[in-house]
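Commentary on secondary and tertiary structure
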Amino acid sequence: AGARQVFVVEEPMAAGIGAGLPIVEPTASMIVRIGGGTTVVAIMSLPDIATWESVRTAGRDFDEAIMNHMKKTYNLTIGEQTAERIKIEIGSAAPVGEPMTMEVRGRDNISGLPRKTVVTSDEIREALQEPISSIVEAVTRTLERAEPELAADLVDNGITLAGGGALLRGMDVVLSNATGLDVKVADDPLTCVARGTAIYLENLEEWKSTMESDLDDV
C-alpha cells in the first residue's frame, strides 16, 4: 500500500480505548467484545494486554441457535435474516420484562410450503443458552488466569461489553451473575474497535512504543 511503517493494534486494546476504558492507567480493565464470528475477552493494564482469550462463539452462533430451534421444534426452516430479527425483537440472555411473542414465517420442512407460527421470548432465550454459556465460560477462564492484583482491580472496575452481541438483552445480567462483578455495555458498542483505532492514530507518537511494528522504516 506504500506505507512507510505498519503498526498492528490488538483488537481488545482498540475496543477498550473506544469504550473509554482507562487502559493507560495502573489499574486493570476488562473488555468482552462479542462480534459476529468471534468473542474476544481481555484484561488490560498500563497499556498492555495481561491475559486474553478468543472463542469462535458470537452473534452468528446466536442466529444459528435460533434457526436450529425453529427447525427442531416447529419443522420450520427460516433464513439468517429472520433469525437475526427474532434475536433483536424478542431474544434475551436472561429474563427481562414481560414475556413477548412474535409471528415467524418460513418454509415447512414436511410439506415444503410457506407457513407461519408464533414463538415466545422464553423459548428463544432457552435456545440461546448454549452459545451464551460458551461466552460465559471464556470470561470466567480469563478471570481465573488473571494476576491477583489485576483481579482485585476488577472488583471496582468491573467488565465492559462491546460488539454487536453486547446488545442482546440481559447479556450483562448473565455475566454479572456468573462473575459477581459489575457489567456494563459500552456506549455505541458496535463501533468501539473503529473508534479506538482512530484514537490510537491520534496518539500514535505517544503510544507507538506499545504497538507491534511489522515493518521498519524503509
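Residues numbered from 1 in each chain as written. Predicted model: local features only at pLDDT ≥ 70, side-chain atom pairs only at ≥ 80, totals over all residues. Heavy atoms only, no water.

In this section: helix H7 (residues 171-179). When H7 is considered as a whole, its buried residues turn out to be Met171, Val174, Leu175 and Thr179. Looking straight down H7, one finds its buried side chains confined to an arc of 115°; they lie on one side. Elements in contact with the buried residues of H7: strand E2 (29-34), helix H5 (129-145), strand E8 (159-162) and strand E9 (183-185). Immediately downstream of H7, the backbone of glycine 180 shows phi near 75°, a positive value. (Buried < 20%, exposed > 50% of the residue type's maximum accessible area, 1.4 Å probe, protein only. Helix = DSSP H or I, 4+ residues; strand = E, 2+ residues; numbered from the N terminus. Arc of directions from axis to C-beta. Contact = heavy atoms within 4.5 Å.)

It is worth spelling out a nonpolar patch on the surface at this point. There is a patch of nonpolar side chains on the surface, built from Leu167, Val185 and Leu190 and spanning about 270 Å² of accessible area. As for its position among the elements, valine 185 is in strand E9. (Patch = residues over 30% accessible without salt bridge, like charges linked within 9 Å, V, L, I, M, F, W, Y side chains within 5 Å. Areas by Shrake-Rupley, 256 points an atom, 1.4 Å probe, with all protein chains shown as cover. Salt bridge = Lys/Arg side-chain N within 4 Å of Asp/Glu carboxyl O.)

What follows covers the packing of helix H2 (residues 59-74) against helix H3 (residues 80-90). Here H2 crosses H3 at 100°, and the two axes come no closer than 9 Å. As the angle between them shows, H2 and H3 are arranged roughly perpendicular. Of the residues in H3, those in contact with Gly59, Phe62, Asp63, Ile66 and Met67 of H2 are Glu80, Ala83, Glu84, Ile86 and Lys87. Across the contact of H2 with H3, the residue classes tally to five nonpolar, one polar and four charged. (Axes fitted to C-alpha atoms, helices over the stretch in contact; angles between N-to-C directions. Parallel < 35°, antiparallel > 145°, perpendicular 65-115°, else oblique. Nonpolar A, V, L, I, M, F, W, Y, C, P; charged D, E, K, R; others polar.)

What follows is about the environment of glycine 158. Relative to the assigned elements, glycine 158 resides in the loop between helix H6 (148-157) and E8. With a relative accessible area of 2%, glycine 158 lands in the buried category. Setting aside anything within four residues of it in sequence, one finds glycine 158 in contact with Met30 and Asp182.

With that settled, consider the layout of surface pockets. In this structure, the largest pocket encloses a volume near 360 Å³. In terms of lining residues, the largest pocket is bounded by 17 residues, among which Glu84, Lys87, Ile88, Gly164 and Gly165 are the most central. At the level of elements, H2 and H3 are the ones that each hand at least two residues to the lining of the largest pocket. Here the lining of the largest pocket is composed, by residue class, of five nonpolar, six polar and six charged. (1 Å grid on protein atoms, 1.4 Å probe; cavity = no way out; pocket = protein on both sides within 12 Å on 5 of 7 lines; lining within 4 Å. Points joined across faces, edges and corners; volume = space filled by probe spheres on them.)

What follows deals with the side chain of threonine 82. Mapped onto the elements of the fold, threonine 82 is located in helix H3. What makes threonine 82 buried here is its relative accessible area of 15%. For threonine 82, the residues in contact, after removing those within four places along its chain, are Val104 and Arg105.

Taken across its seven residues, strand E3 (residues 39-45) has seven buried, putting it largely inside the fold. With burial as the criterion, each face of E3 is covered, one bearing Thr39, Val41, Ile43 and Ser45 and the other bearing Val40, Ala42 and Met44. Note that E2 and E3 share six bridges and pair antiparallel. Note that in E3 the partner of valine 32 across the bridge is valine 41. What sits between the antiparallel neighbours E2 and E3 is a turn of four residues. Relative to strand E4 (residues 48-55), E3 runs antiparallel, the two being bridged by seven bridges. Residue isoleucine 43 lies in a different strand from E4, and its bridge partner there is threonine 51. In this structure, the hairpin formed by E3 and E4 is closed by a connection of two residues, where leucine 46 is found at a positive phi of approximately 50°. (Pairing = 2+ DSSP bridges.)

Low pLDDT means the predicted atomic positions in that stretch should not be read closely. For the protein chain, the mean per-residue pLDDT works out to 91, and 94% of the residues sit at or above 70. Scored below 50 in pLDDT, residues 214-218 makes eight contacts in the model with residues more than four places away or belonging to other chains. (pLDDT = per-residue confidence, 0-100.)

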